[in-house]
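Structural overview
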Amino acid sequence: MSKYNLIIASFVIIVLFVFTKKTTCQSVTCYTPEGQNVTVEIDDITWRDYNYWTTRVIQMYSLDATILDVNGDGYTNGLDLDGTYNCHGYAWVMTEGVGLSGWVENNEELKFINDSSYSNDGDASYVSSDSANATHTMYGDHSTRVIQNSYPISSSGSQTHVSKWAEGPLVRHAPGHDNYAFKNTSIISYYKLKTEHSGTLSTYPKTWIGAGGQTHTISSTVTVPSSCTLTIKKGATVNFQNGAQLKIYGTLIVEGTSSDQVTFNFGSPNSSTYNGIKFYYGSNGSIENAIIKNAFYGVYVMNAAPTIDSCEIYDCTYGIQSYYNSPTIETNEIYDITNYGIYTYSGSPEITDNYIHDTDDYGITVNSSTNTYIRDNTIEDCKGGVYAYGSQTIKMYDDGLNKISGYTSSGHAVLVTGGTAHLGEYPDQGKNSLIRNSSNEVVYNSSTNEVLAEKNYWGATPSSSWFYGDVAYDFPLSSAPSGVGSSLGKTIEPDLSEDRILFAQAMNNLDSDNVEEGCTKLKYLIQNYPDS
């Protein structure tokens, strides 16, 4: 390209930038990961010209770049030249999931790399990096997002960066091959998201970003103070070292999705630090669509009422423990637990639609809790189903729809040693499916109160030997209630007849060398299902 053409092209770019019509509709605030406020302008840019960017910029400067067909319409009417956001808004806000689509300008983008005073460790949200580990670049008045794990788009050859070109298109390009650097890679500054955390966080709002499959490392216990909110974005993996914990005195928001979960890996259960996610008095929040594994407590709740929803908790000593409040525990899969799946003490928790299996103790244990609603759960292959003791009240009636099966020879579907247990009373239906899988009683009541267990399904016609203590089991149902059990259990296991389920469980026991348990189930099958 001649010097004359270069001058003309640069002049055209400057003129178009100056005379482009831009109307600011409103300003909103987002935050850097460490909590400094950033102004985002929601704008409308009217100038668009697809041919200008291809012929006058990419071809003229021989840039290794591809304009992205964002709308999938073959660039019809130039709609891919979206002027509602700029390069800084795309790189630091939109792709990181911390705010709305818009313009970040007037040096607001510098806050992402200069907010160290907002942190507890003296590091900014994004720190200097080499090109191999970078997540972002910044040079002049331009920012790019480095492609990681095919995020935010797939790379192609040397095109490993993606950026928004002013009011024009979104472009995938080689490092420096854009309308700011013009292939001069010496001006590029590389940055990466800070992903190492420890200690007590400052009181500014915090965000742990998961975009691009980010892994965060916790070297020592992280504490969220009472006036702080920590948000963990979808796709994040949080690895804990040295028995570290996550202690919540403020607010924890975990924003996983069904297709992009947040993963908490505690390494191994630690009986010295009792590692896990812990909510303390006055805290609140929600954990949604998370994987929690290798902890002493998957989730520990002390006088708080978070929501724990759609999580997978496994390889822990305890799944969920709650004291003195009323958390919502729903649609979780809890398994491979060496103690109780869910344990509650006092309060009135809601325990619904959980799939609990393969725990070494009871699936759900309730101690001195008031009006604990247990509904639509599947509990199978645990020591026992529900264990109620102390001055508690559990409610599994009025369409309880709990499905309990596969308990061991040392357990029961329901064990009551204190308080009251209501599993159904005519005409109200219990509508639970409580299957006797061994010689042990299906309901064992050693309390002084009657256990109401009417209008339930027992797998076969129940007899008095199936029960211990004062248990009213009249009006048994002749078949399993429609819709019984957790929605998760239904997804994982097909709706088979009880004898087929028992046979499959017995075979699994024998395959895993649990001969005694397998033989007990086979003996029960022969006695109760001779024609199956």
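What comes next concerns the included structure. (Residues numbered from 1 in each chain as written. Predicted model: local features only at pLDDT ≥ 70, side-chain atom pairs only at ≥ 80, totals over all residues. Heavy atoms only, no water.)

Overview of empty space enclosed by the protein
- Enumeration according to the criterion identifies one cavity of 30 Å³ or more in this entry.
- Considered as a void within the structure, the largest cavity measures approximately 110 Å³ in volume.
- Lining the largest cavity are 13 residues, with Pro33, Glu34, Lys194, His197 and Trp208 sitting closest to its centre.
- Every element with two or more residues in the lining of the largest cavity is listed here: strand S10 (196-200) and strand S11 (206-208).
- Looking at the lining of the largest cavity residue by residue, the class counts come to three nonpolar, five polar and five charged. (1 Å grid on protein atoms, 1.4 Å probe; cavity = no way out; pocket = protein on both sides within 12 Å on 5 of 7 lines; lining within 4 Å. Points joined across faces, edges and corners; volume = space filled by probe spheres on them. Helix = DSSP H or I, 4+ residues; strand = E, 2+ residues; numbered from the N terminus. Nonpolar A, V, L, I, M, F, W, Y, C, P; charged D, E, K, R; others polar.)

What to know about the environment of proline 152
- Tracing the backbone through its elements, the reader meets proline 152 in the loop between strand S6 (142-146) and strand S7 (161-164).
- As for proline 152 and methionine 94, which are separated by 58 residues in sequence, their C-alpha atoms are 9.9 Å apart.
- With residues up to four places along the chain from it excluded, the contact list for proline 152 reads Tyr90, Thr95, Arg145, Ile147 and Val162. (Contact = heavy atoms within 4.5 Å.)

A look at the pairing of strand S31 (residues 372-375)
- Here S31 shows one buried face, formed by Thr372 and Ile374, and one open face, formed by Tyr373 and Arg375.
- Across three bridges, strand S28 (residues 350-352) lies against S31 in parallel orientation. Bridge assignment links isoleucine 351 to a residue of S31, and that residue is isoleucine 374.
- The sheet contact formed by S31 and strand S34 (residues 393-395) spans two bridges and is parallel. Each bridged residue has a counterpart across the sheet, and for tyrosine 373 the counterpart in S34 is lysine 395. (Buried < 20%, exposed > 50% of the residue type's maximum accessible area, 1.4 Å probe, protein only. Pairing = 2+ DSSP bridges.)

Comments concerning the pattern of salt bridges
- Inspection of every chain in the model, using the stated rule, returns seven salt bridges.
- Note that lysine 206 and glutamate 34 form a salt bridge whose closest N and O atoms lie 2.8 Å from each other. Highlighted residues: lysine 206 in strand S11 and glutamate 34 in the loop between strand S1 (22-31) and strand S2 (37-45), separated in sequence by 172 residues.
- The class for glutamate 34 is buried, based on a relative accessible area of 7%.
- With its nearest N and O atoms 3.1 Å apart, the salt bridge here joins glutamate 96 to arginine 145. Pair noted here: glutamate 96 is in the loop between helix H3 (87-94) and strand S4 (126-128) and arginine 145 is in strand S6, with a separation of 49 residues, a long-range link.
- The buried category is assigned to glutamate 96, whose relative accessible area is 3%.
- Here the salt bridges do not stand alone but share partners, grouping Glu34, Asp121, Lys194 and Lys206 into one network. (Salt bridge = Lys/Arg side-chain N within 4 Å of Asp/Glu carboxyl O.)

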